[in-house]
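Chain by chain, the residues run as shown.
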Amino acid sequence: VFKELDLPTFNFIHGLPGIYNNIDYNRTDYLVVWGESIKNNFINAGIDSNKIITCGHPYYKKIYINKKLKFDFDNILILTKSLNESQFSESLILSDRSNLIYYLLSIKKVLQNFGVEKVRLRPHPSENIEWYYEYLDQSFFIIDSNNLKASLTESSLVIGGTSTVFLESLINGINYVVYEPLFENTMLDGFKPVPPFDNSDPKVPVANSEEELYKFLQKKVSVDSSIVNEYINNSF
């Protein structure tokens, strides 16, 4: 209809994409993203640079990034490894829901080596915590139901996978340990990792196994928080 009316169409990406391709994100006249690195990732995926607009975000204008990120074990926030459950045009991905439980039990196993007795668990808004609690120890995984800002403010460390919360955690001064176990070069949801969660950027260390997660926690390997300015423009 818009083509018949000779009007432009826009696709606004709401955060960090979990996939980059030149099919699903190439159906409108313009693609609007938060920052230059997201734009470059789409260019590398084959989308014409002239149709990509970087817009920043109204919440994150003139962000002050604290280079010294909080990294303690006393109040850890764990993000679930939610399944995408959507399909993209370049491939068909069948995900195994049991991997959601495996992911959390894997983190628990590593954290118990450091004497951690409980963590706060934040499921994706699309997920049902009651389903998780059928399989998890509720005395170790305590549900976090605060709004995201309050949740991050009280956290001493965040552990999770590919998520826009990665940026929001850094903005709030909290280190985000990226944990993406790989099997035959794919993540637990069946997708391949994408920047900055694929170990392609030295600013973002990514643990791809329990052994690497243990090492990151033991040595307090931190993200370089300047990565935020590359993924979100500082003006809107």
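Refer to the structure printed above.
As the structure is a computational prediction, the values presented were derived from the model and not from experiment.

Q: Outline the sheet that holds strand S9 (residues 206-207), listing residues and values.
A: The strand order across the open sheet built from six strands is S6-S5-S4-S7-S8-S9, with neighbouring strands paired in parallel fashion. In this open sheet, the two strands that pair with only one neighbour each are strand S6 (141-143) and S9. As defined by bridge partners, strand S4 (residues 76-79) adjoins strand S7 (residues 157-160) across three bridges and the pair is classed as parallel. Within S7, the residue paired with Ile76 across the bridge is Leu157.

Q: Which residues make up the packing of aromatic side chains, and what values do they have?
A: One pass over the structure, following the stated rule, counts 16 aromatic pairs. Geometrically, the ring pair formed by Tyr59 and Tyr60 is edge-to-face, given 6.2 Å between the ring centres and 85 degrees between the ring planes. The exposed category is assigned to Tyr59, whose relative accessible area is 68%. Exposure remark for Tyr60: the relative accessible area of 11% places this residue in the buried category. Ring geometry for Phe166 versus Tyr176: centroids 5.4 Å apart, planes at 90 degrees, classification edge-to-face. In this pair, Phe166 is assigned in helix H5 (residues 165-171) and Tyr176 in strand S8 (residues 176-179), connecting sequence segments ten residues apart. Given the relative accessible area of 0%, Tyr176 is considered buried. Members of the aromatic cluster, joined through ring pairs, are Phe71, Phe73, Phe114 and Tyr214. The lysine or arginine in question, Lys108, covers the ring of Phe140, its NZ or CZ lying 5.3 Å from the ring centre.

Q: Describe in detail a nonpolar patch on the surface, supporting the description with residues and values.
A: Taken together, the side chains of Val1, Phe2, Leu5 and Leu7 define a hydrophobic patch exposed on the protein surface, amounting to about 420 Å² of accessible area. Its location among the elements puts Leu7 in the segment before strand S1 (10-12). Residue classification places Leu7 among the partly exposed residues on the basis of a relative accessible area of 42%.

What counts, and at which threshold
Residues numbered from 1 in each chain as written. Predicted model: local features only at pLDDT ≥ 70, side-chain atom pairs only at ≥ 80, totals over all residues. Heavy atoms only, no water. Pairing = 2+ DSSP bridges. Helix = DSSP H or I, 4+ residues; strand = E, 2+ residues; numbered from the N terminus. Phe/Tyr/Trp six-rings, centres within 6.5 Å; stacked < 30°, edge-to-face > 60°. Buried < 20%, exposed > 50% of the residue type's maximum accessible area, 1.4 Å probe, protein only. Lys NZ or Arg CZ within 6 Å of the ring centre and 35° of its normal. Patch = residues over 30% accessible without salt bridge, like charges linked within 9 Å, V, L, I, M, F, W, Y side chains within 5 Å. Areas by Shrake-Rupley, 256 points an atom, 1.4 Å probe, with all protein chains shown as cover. Salt bridge = Lys/Arg side-chain N within 4 Å of Asp/Glu carboxyl O.

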